[in-house]
Amino acid sequence: MTTHVWDYLAEYADERADVLDAVDTVFRSGQLVLGASVRGFEAEYAAWHGAGHCVGVGNGTDAVILALQALGIRPGDEVVTVSNTAAPTVLAIDAAGAVPVFADVRPDTYLMDTEQVAAAVTDRTRALLPVHLYGQCVDMAPLRAVAEAHGLAVLEDCAQAHGARHHGRLAGTLGDAAAFSFYPTKVLGTYGDGGAVLTPEAEVDAALRRLRYYGMQERYYVVRTPGHNSRLDELHAEILRRKLRRLERYIAARRAVARRYDEALAGSGLVLPATAPGNDHVYYLYVVRHPERDRILRALRERHDIALNISYPWPVHTMSGFAHLGYRRGVLPVTEALAGEIFSLPMYPSLPRGVQDRVIEALLDILREL
């Protein structure tokens, strides 16, 4: 059987009774859209973070789009972010009508290089969009300083950082708003699509609630455009309520897997994940680096039936779909170098120890030959 970077079946077997009870709870409730489960999850997720407001939406991409619009970003405004991210981060900026502007990333953590952000700001810049990548947070103090100096909004992309902390504060509580995805692979994931936005601002919360429901203030009456149909599903919300209670356990299990990888692969020739000072990493992904990445992945697949993933093989600014932005190869050298060398090892809370051993032994065997 092929080994992959993620699998949910063992976790589902362990949690099946609770998941099915969640489904039954919703079906017996008499309300299938924007009901008690969504309201309950929104309240509980906000409380878990110590945040003022949470608004459930259809998916993580919509969370970014709606958050940008609720923060007042308009067509033609510039938003500074990174190219070393999942394409939906940038697609969301584009969908909001804004223009993505890229800063490079750090060569040690692969996170936004905050020292480059100020130089990317122009008189058209209206927001900064740091991506808390792979399970840890961007250094937020210098970003906040730039934002305050230029009157910019700060929107955190927290799709990969549920439960991560930065100097003791949770990801999602460090900006003006924060976008989350609950795609199944996430640290807190459901059994389909889902997303949410956290914000401390009552006005942003109110705008988000209108935006996700066609721009309506009340049923059938549109008070602002654009409007969207983007609502967190009741089924997924109820499942997320149950899983939120286990989130700390999921994070502890991920950290245990990461420790095993750290210990077993130290000195192997792989560049292992580095945690930035002040960060508590939750290891959404365990990303390693090697100049012979493609040769390693080919050998893992052909000789050991292990299929690993690359996050991400193409920097966003080099994709043909973003050619209109006018970026040339070479302008983001760290991002571009990473794309040819990084790959992810299997990482999820129920990852069997035997599978961990299999991956470790196969990697060590291949690396000894290089």
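### What about the sheet that holds strand 8 (residues 177–181)?
- In spatial order, the strands read 1-9-8-5-4-2-3; together these 7 strands make up an open sheet with mixed pairing. Unpaired on one side and paired on the other, strand 1 (53–57) and strand 3 (99–103) mark the two borders of the sheet. Neighbouring strand axes in the sheet, compared pairwise and without regard to direction, differ in orientation by 30° on average.
- As paired strands, strand 5 (residues 153–157) and strand 8 are joined by 3 bridges and run parallel to one another. By the bridge assignment, Glu156 is partnered in strand 8 with Ala178.

### Observations regarding the packing of helix 3 (residues 60–70) against helix 7 (residues 202–211)
- Packing of helix 3 against helix 7 brings their axes to within 9 Å, and their N-to-C directions diverge by 125°. Judged on the interaxial angle alone, helix 7 and helix 3 are oblique. Note that helix 3 runs across helix 7; the crossing there is right-handed. Along the contact surface, helix 3 presents Leu66, Ala67, Gln69 and Ala70, while helix 7 presents Val204, Ala207, Leu208 and Leu211.
- Counted by class, the contact of helix 3 with helix 7 contains 7 nonpolar, 1 polar and no charged residues.

### Overview of helix 9 (residues 247–265)
- The terminal C-alpha atoms of helix 9 lie 27 Å apart, and with 19 residues this matches the ideal 27 Å at 1.5 Å per residue to within 8%.
- Of all the residues in helix 9, the buried ones are Leu247, Tyr250, Ile251, Arg254, Val257, Ala258, Arg260, Tyr261 and Leu265.
- For helix 9, the secondary structure elements touched by its buried residues are helix 1 (9–29), helix 2 (36–49), helix 8 (234–244), strand 13 (286–289), strand 14 (342–345) and helix 12 (353–369).
- Positive phi shows up at Gly267, right after helix 9, with a value of about 80°.

### Quick look at the pattern of salt bridges
- Tallying each qualifying case throughout the model produces 21 salt bridges.
- Between Glu15 and Arg249 there is a salt bridge, with its nearest N and O atoms 3.8 Å apart. One end of the pair, Glu15, is in helix 1; the other, Arg249, is in helix 9, and 234 residues separate them in sequence.
- Since its relative accessible area comes to 49%, Arg249 is described here as partly exposed.
- One salt-bridge network, held together by shared partners, links Glu15, Asp18, Asp21, Glu44, Glu238, Arg241, Arg242, Arg246 and Arg249.

What counts and what doesn't
Each residue is numbered by its place in its chain's sequence as written, counting from 1. Local features in a predicted model are, by the rule used here, given only for residues with pLDDT of at least 70; side-chain atom pairs are given and counted only at 80 or more, and totals for whole chains, interfaces and linings are based on all residues. Only hydrogens and water are removed before side-chain values are computed, so all heavy atoms of the structure are retained for them. We treat two strands as partners when DSSP finds at least two bridges between them. A run of H or I in DSSP counts as a helix once it spans at least four residues, and a run of E counts as a strand once it spans at least two, with each numbered from the N terminus. The angle between two axes is taken between their N-to-C directions and runs from 0 to 180 degrees, where each axis is a line fitted to C-alpha atoms and a helix contributes only its stretch in contact. The labels follow the angle: roughly parallel below 35 degrees, roughly antiparallel above 145, roughly perpendicular from 65 to 115, and oblique for the rest. Left-handed describes a crossing whose near helix is turned anticlockwise from the far helix by less than a right angle; the clockwise case is right-handed. Contact criterion: two residues are considered in contact whenever any of their non-hydrogen atoms come within 4.5 Å of each other. For this classification, Asp, Glu, Lys and Arg are treated as charged, while Ala, Val, Leu, Ile, Met, Phe, Trp, Tyr, Cys and Pro are nonpolar and the rest, including Gly, are polar. A helix is expected to span 1.5 Å for every residue after the first. When a residue's accessible area, from a 1.4 Å probe over protein chains only, is under 20% of the maximum for its type it is buried; when over 50% it is exposed; and in between it is partly exposed. Salt bridges are defined as contacts in which a side-chain nitrogen from Lys or Arg sits within 4 Å of a carboxyl oxygen from Asp or Glu.

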